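Inside the fold
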2 protein chains.
Amino acid sequence: MHIREMLADAERSGEPSFSFEYFPPKTAQGVQNLYDRMERMHSWGPKFIDITWGAGGRIAELTCEMVVQAQTYLGLETCMHLTCTDMGEEKVNDALKRAYKAGCTNILALRGDPPREKEKWVASDDGFRYAGDLVEYIRKNYGSHFDIGVAGYPEGCDDNKDEDLLLDHLKEKVDKGATFIVTQMFYDADNFVRWVEKVRARGITAPIIPGIMPIATYASFLRRANHMNCKIPEEWMAKLEPVKNDDVAVREIGKTLVAELCRKVLAAGIHHLHFYTMNLAQATRMVLEELEWMPSADRPIKQALPWKQSLGLGRRGEDVRPIFWRNRNKSYIARTQEWDEFPNGRWGDSRSPAFGELDAYGVGLTGTNEQNRKKWGEPACIRDISNLFVRYLNKEIDYLPWSEAPVAEEADQIKDELIDLNKRGLITVNSQPAVNGVKSTHPVHGWGPSNGYVYQKAYLELLVSPELFTVIQSRIENHPDLTYHAVNKSGKLHTNARSEAPNAVTWGVFPGKEIVQPTIVERISFLAWKDEAYQLGTDWARCYEANTPSRLLLEEIMNTWYLVNIVNNDFHQGNTLFEVLSGLEVADLNKVPEPPVNGEANGVYQNGHSTNGVKAST
Amino acid sequence: MHIREMLADAERSGEPSFSFEYFPPKTAQGVQNLYDRMERMHSWGPKFIDITWGAGGRIAELTCEMVVQAQTYLGLETCMHLTCTDMGEEKVNDALKRAYKAGCTNILALRGDPPREKEKWVASDDGFRYAGDLVEYIRKNYGSHFDIGVAGYPEGCDDNKDEDLLLDHLKEKVDKGATFIVTQMFYDADNFVRWVEKVRARGITAPIIPGIMPIATYASFLRRANHMNCKIPEEWMAKLEPVKNDDVAVREIGKTLVAELCRKVLAAGIHHLHFYTMNLAQATRMVLEELEWMPSADRPIKQALPWKQSLGLGRRGEDVRPIFWRNRNKSYIARTQEWDEFPNGRWGDSRSPAFGELDAYGVGLTGTNEQNRKKWGEPACIRDISNLFVRYLNKEIDYLPWSEAPVAEEADQIKDELIDLNKRGLITVNSQPAVNGVKSTHPVHGWGPSNGYVYQKAYLELLVSPELFTVIQSRIENHPDLTYHAVNKSGKLHTNARSEAPNAVTWGVFPGKEIVQPTIVERISFLAWKDEAYQLGTDWARCYEANTPSRLLLEEIMNTWYLVNIVNNDFHQGNTLFEVLSGLEVADLNKVPEPPVNGEANGVYQNGHSTNGVKAST
């Protein structure tokens, strides 16, 4: 989606919006941490994010990678920065092509800072001299595919203080095809308002997005303001200087000052704020809280579908997903990456959806063996595993092998029942409660446009011991309301579903639309998920040394237990799924497995395929 | 669907089923009457119908035509009879090809009666001698496309009384590929049961369908029994002979005797009865009533979708239709006949559905001008039209220009509101009440598999005078729950719908399935319907002489009024549609239009296109 459309939306609806800016970190661990942070900050509801351009080599690569990650895996609408600095036509072309392929539709075209070693900025031989050249080039080569932003300087540029000349440049950039303006940081609201009037007086009508820099520490505040030649109002210094050694106080006062700045800017007819996060969450969050813009029951996050959409190229039309990957969103995108078309909302030929291999990036178990042992301990019996899952349901652990994120809020509704199941050795890996038509604005279950109603069939997915499976199967095989699929590691499928066709388990009814049914249960993708589910458990087992109780226990579960999913088709009934499993309990919750006498048994797993590179050390 | 599958269904479910046989009538009027009768009898729930083969020329043609009509327009699963009599390979091929193209998948292969003028039956030179040859030929050329039935003779064949020889023939026909057996008529249940045992003893396992001949009059009863050499039990004669001159008494006693016969047959393990209707409804209906097999709240008709599906070739996958043609089913099929694929349930490229022209068979107004004047009178003012529509809603008239069938049962729920609207000059041409999730077995609103829930958004389609339209538009333009489309004859569209995408107005949630949404409202097909709606009104106007009040009135309505549809997207609310129209009334309900002084005004309609060939006679 083009940024100017989002801005127009904000103006129409009268609901101001905001965006975040990030830059490519220097280390691999830094990149991973930033992705996690971006994902968390996504839930605050930014309309889009910016990724700054890392001029030169590796860091430029990283900008492109981060755009792919944000668009495709995090579902964040992304604006890629692009600078002239040291960039020839070939490099610009390459960057634009990669942005295009990532589904990115917004570029911020900048001249960029001169590389440190050069005194004065010089264009490369075949390169671009000004941001305007870049704007022109992108328009010429990509038509209206990209929305193009350019920088505005309310307080002058570091090598140019002539406001009128800068406005001439701005006018030129807009005339060449730029459609929105992002300003440098500033703290002087009055000057900004004055500048905006001057911009408008020049006949520049493109929307203006003010860049806001929250205050993290006194030192960084001064450093950045100085670096950008940004005037600090006297009142700000008077309030911040006395507490400069108290970071907490600086942030508290800073958030009030910045929020005040934001309010002044909004009062002047601006509808969107762009936050320079400096890759940090706290200072920005404090400003959003002060503005009362953080999501809440009064200000719910509007999500088009119950799962986070990918914005990768060709994926925007995707509107159906199997429920199995609900807690492993990124893995689902990775395994369906080759489906470059979603003409029926799912895939080209729905009868032969080829799921990607398990060794693709983002599919296997994350974390090192050591990290995982630390996180999940060393379970020696089923009861230990039960306890682990109970702790996850109680939000004492934030992820599990089969769930990459903390337990969903809607599970609260059935938390007691889920805990009860796990305590009895019925290990729940996925679930959703029944919902019989609540408003689409419902704080927990809601999604999609307002004035709609959303529905869910109750769903439960469990790991079940072979003994219990036999009992469960006999209880549900002929149940009029329940459909189940069960499979073990070897792939033998049991089901009472009469067809391979999808069973819609989440759907919504909206004004003026067809029924939207974004989540389904179906045989063929369950079998693809089963491979992943057993692989994740096997990866977990391999976090422990051979012949240790944890390794033996997890391997036994993976080798003999069933993965069972059950849908209650009567969405008016919430409890049937739990009633049908009542009274069942694994026979020997406390039994610790003993290593085989001759070590033979382990040979099986040594020959099995491993995706995390850990070998059995018999 | 193959007949043997329907029979297997009946056996599995333990719910006996039935079918009707018809023959090609001699006159065109007879054909039209029979189609109407077939459609009425369709609502009794036959699993399929048979069309007998009219040996030779025109009548053979008619059989093929009737198969097309039944499959495509009436949605009746049809079994086409085919005989050897006078049929060479070319003729057989032609008939099979036409059956195939009609979507027909069942053939009854017969030897056929010898033509009257020939003493003994002789095969044509390149023809088939026995039904078995025909079976073999169909299997060879069409594989398993057709289910093939053959005749069984529990009381012998008219030129062959040797039961064992006839059983040899039957065995041979089944061995050659026949999959079900339909018997000649009989009244001797015991003999039938004995014969079935003998058939089974021969190793013939194909299902047997007894042919049942209801009793209409004493004369026809005797004539048919004699013609078929069918033994009449003494008890039957004893009961019928004394009342032979009292047709009513004959039918009353006859229905009891035939129903008794049916019960004996069913008790012997038969699950399906085939009725020789002789193209008449009453005698068959009386037997079905006696058996308590007529549809009722206890025995509801099971319909897969809320509208009658076409069984034409390539149309069985169709599962979405615009609501506009709900009362003109056949016209919709005619106008979408060229859509030979329904890959997304509707049409290949949903953005360019080319609707057929208005002059196709079955699209225009049916009935002669005289018949229509007789049916609908000579309305001279809006109040007369209002009264006509009120009478339709009160079931005193069984069709209107825009509704080919009596008002739907579900309209009862909103009958008072609809009558009130019409009385105020808001002419309702289509409607459905809101339904917020009733069981799919609901006697009025239900459709689809059991254990499901069905929903509807309230819908209203009206003809509205230009003055009232302005008021209505201002009332609903910004209503949060209502979407409307309005258009006049010239095609100017008014709407508050934000997109051209379909709005689902009927949908169902079923176990183990995606959400089914068989009825929609959408812009592009509304514009196609609008052409038809205005044409129908114009056709009606032309039933009256030029310058008569009726002609002038109807022409004025067609030329100036709006066709308006309104959906209440909040399916929890039933009355909003009527509330929003409350208090509105056409200004001059009783005004009779006067002819123009110089006759000029009529020129407009003279140049308009006419589909019923009636010209303005100024």
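All figures in this text were calculated on a predicted structure; none of them were measured in a lab.

Cut-offs applied
Residues numbered from 1 in each chain as written. Chains lettered and ligands numbered in written order. Predicted model: local features only at pLDDT ≥ 70, side-chain atom pairs only at ≥ 80, totals over all residues. Heavy atoms only, no water. Contact = heavy atoms within 4.5 Å. Buried area = accessible area lost by both parts, 1.4 Å probe. Salt bridge = Lys/Arg side-chain N within 4 Å of Asp/Glu carboxyl O. Polar contact = N/O pair within 3.5 Å; in protein donor to acceptor, adjacent residues only side chain to side chain. Helix = DSSP H or I, 4+ residues; strand = E, 2+ residues; numbered from the N terminus. Nonpolar A, V, L, I, M, F, W, Y, C, P; charged D, E, K, R; others polar. Pairing = 2+ DSSP bridges. Axes fitted to C-alpha atoms, helices over the stretch in contact; angles between N-to-C directions. Buried < 20%, exposed > 50% of the residue type's maximum accessible area, 1.4 Å probe, protein only.

Time to look at the interface of chain B and chain A. Counting residues at the interface gives 25 residues for chain B, matched by 25 residues for chain A. On the chain B side of the interface with chain A, the three residues burying the most area are B:Tyr453, B:Glu514 and B:Ile515, jointly 26% of the side's total. Scanning the region where chain B abuts chain A turns up zero salt bridges. For the interface between chain B and chain A, the tally reads 15 residue pairs in polar contact (both at pLDDT 80 or more). Elements with a contribution of two residues or more to the side of chain B that touches chain A: strand E12 (453-456) and strand E16 (503-509) of chain B. Here the side of chain B that touches chain A gets four residues from one element, more than from any other, and that element is E16(B). Split by residue class, the side of chain B that touches chain A holds 12 nonpolar, eight polar and five charged.

Residues and elements named next belong to chain B. The five strands are arranged E10-E13-E18-E14-E15 in an open sheet whose pairing can be described as antiparallel. Two strands close off the open sheet at either side, each with one partner strand: strand E10 (427-432) and strand E15 (493-495). Taking each pair of neighbouring strands and ignoring which way they run, the sheet shows an average axis angle of 10 degrees. Sheet analysis places strand E14 (residues 482-488) next to strand E18 (residues 562-568), joined by seven bridges and oriented antiparallel. If you follow histidine 485 over to E18, its bridge partner there is asparagine 565.

Residue and element names in this part refer to chain A. Within the secondary structure, serine 331 sits in helix H12 (residues 329-335). Residue class for serine 331 comes out buried when judged on its relative accessible area of 0%. Note: C-alpha distance between serine 331 and lysine 489 (158 residues apart in sequence) is 19 Å. With near-sequence residues (within four places) excluded, serine 331 lies in contact with Trp325, Gly362, Val363 and Glu532.

Here we come to the pairing of strand E14 (residues 482-488) of chain A. Residue and element names in this part refer to chain A. Counting buried residues in E14 gives seven out of seven residues, a clear majority hidden from the surface. Alternating positions in E14 separate into two faces, Leu482, Tyr484, Ala486 and Asn488 on one and Thr483, His485 and Val487 on the other, with burial throughout. The antiparallel pairing of E14 with strand E15 (residues 493-495) creates a hairpin that spans four residues between the two strands, and glycine 491 there sits at a positive phi of about 100 degrees.

Keep in mind these values describe shape, not function.
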